[in-house]
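One letter stands for each residue in the lines below.
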Amino acid sequence: MDPMSPDPGRPPTQESLALLGSLAGGLAHEIKNPLSTMTITLGLLREDLESGRGDGEKALRRVKVLEREVARLEDILAGFLQYAGRHRLEPRPTDLNAVVAEVLDFVTPLAQQKRVEVRHHLSPDVPHLLLDRDRVKQALLNLVLNAQEAMAGRGELLVQTSVRGGAVRVDVTDTGPGIPPEALPRIWEAYWSSKRTGTGLGLPIARRIVEEHGGVIQVFTEVGKGTRFTLWFPVPVGEGAGAPEGAPAAAAGAEARA
Ligand SMILES: Nc1ncnc2c1ncn2[C@@H]1O[C@H](COP(=O)(O)OP(=O)(O)O)[C@@H](O)[C@H]1O
Ligand SMILES: [Mg+2]
């Protein structure tokens, strides 16, 4: 469900109100720190100016702090809009394997630095799909970056594509630490992160993008072994589509053990 665009004909449900509430809470929490830093810095700058004791160098330092915090607020807004903003999808017939290959080309140098081995297995049978290329690239990038971050030091990242019944499947598998059971229900929440500097938007954005394409995203994880995110994209009618055998009918977020 999209918390930001409720069906205008219907009153909001308890669930959509709860979602909106937690999204607003997360956003408020994010902007609190930069705002209070800005308030304090502006106060100091004002005192310097009023007392006539401030020198140019000191003032410049304070202005730089303000600039940094404004940039942070802009980042927070950009992330929020990516997650909750209205997007007009621009789907075009797209070679999903090529999109995967681009994402891997982009992250492989970083992975090598972190001593993460990147492997892929792309099925030649994957038909062209109706995709918004940039959005799907963003979703895959979010998953691949998470996998790398989980494995920093060493590990293996495997990205596979395959065709199952009437759907195309993408698996992003890592040999990282897995997701603890108590964290698993929270990973799709906007702004929830286990990382010190995480945005907590990577997975919610990825999920939104997959669902916008009529697809489904699932996670399979085992502590100590690794994690796999599986994406299903429907094949357009006329491309040999049938019932997506093996593809889950339920909405995203199904959770299971690998
Ligand atoms: N591949 C993975 N292995 C282990 N944990 C993961 C993985 N992907 C996501 N997570 C967990 O899900 C959380 C949310 O991910 P995400 O929404 O991308 O936010 P962020 O990466 O900013 O923390 C992460 O903080 C992490 O705890
Ligand atoms: Mg992330």
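Everything that follows concerns the structure shown earlier in this document.
This write-up is about the structure you can find in this document. (Residues numbered from 1 in each chain as written. Chains lettered and ligands numbered in written order. Predicted model: local features only at pLDDT ≥ 70, side-chain atom pairs only at ≥ 80, totals over all residues. Heavy atoms only, no water.)

A short note on the packing of helix H1 (residues 14-51) against helix H2 (residues 56-84)
Right, on to step 1. Two elements in contact, H1 and H2, have axes separated by 10 Å at closest approach and are oriented at 165°. The orientation of H1 with respect to H2, classified from their angle, is roughly antiparallel. The two elements H1 and H2 meet at a crossing, and its hand is left-handed.
Right, on to step 2. Counted by class, the contact of H1 with H2 contains 18 nonpolar, 3 polar and 7 charged residues. (Axes fitted to C-alpha atoms, helices over the stretch in contact; angles between N-to-C directions. Helix = DSSP H or I, 4+ residues; strand = E, 2+ residues; numbered from the N terminus. Parallel < 35°, antiparallel > 145°, perpendicular 65-115°, else oblique. Left-handed = near helix turned anticlockwise from the far one by under 90°. Nonpolar A, V, L, I, M, F, W, Y, C, P; charged D, E, K, R; others polar.)

Description of the side chain of Thr230
Right, on to step 1. Relative to the helices and strands, Thr230 is located in strand E7 (residues 226-234).
Right, on to step 2. Residue class for Thr230 comes out buried when judged on its relative accessible area of 0%.
Right, on to step 3. Separated by 2.6 Å, the side chains of Thr230 and Asp171 make a polar contact.
Right, on to step 4. Not counting residues up to four positions away in its chain, the partners in contact with Thr230 are Arg169, Val170, Asp171, Val216, Ile217, Gln218 and Phe220. (Buried < 20%, exposed > 50% of the residue type's maximum accessible area, 1.4 Å probe, protein only. Polar contact = N/O pair within 3.5 Å; in protein donor to acceptor, adjacent residues only side chain to side chain. Contact = heavy atoms within 4.5 Å.)

Re the pattern of salt bridges
Right, on to step 1. Summed over the entire model, instances satisfying the criterion amount to 15 salt bridges.
Right, on to step 2. We note a salt bridge from Glu50 to Arg46, for which the minimum N-O separation is 2.5 Å. Of the two residues, Glu50 and Arg46 both sit in helix H1, 4 residues apart, roughly one turn of that helix.
Right, on to step 3. Glu50 gets classed as exposed once you look at its relative accessible area, which sits at 58%.
Right, on to step 4. Given a relative accessible area of 53%, Arg46 falls into the exposed group.
Right, on to step 5. One salt bridge in this structure joins Glu69 and Arg72, with 3.3 Å as the shortest N-O distance. You can see Glu69 and its partner Arg72 sitting in helix H2, 3 residues apart, about one turn around the helix.
Right, on to step 6. On the accessibility criterion, Glu69 (2% relative accessible area) is buried. (Salt bridge = Lys/Arg side-chain N within 4 Å of Asp/Glu carboxyl O.)

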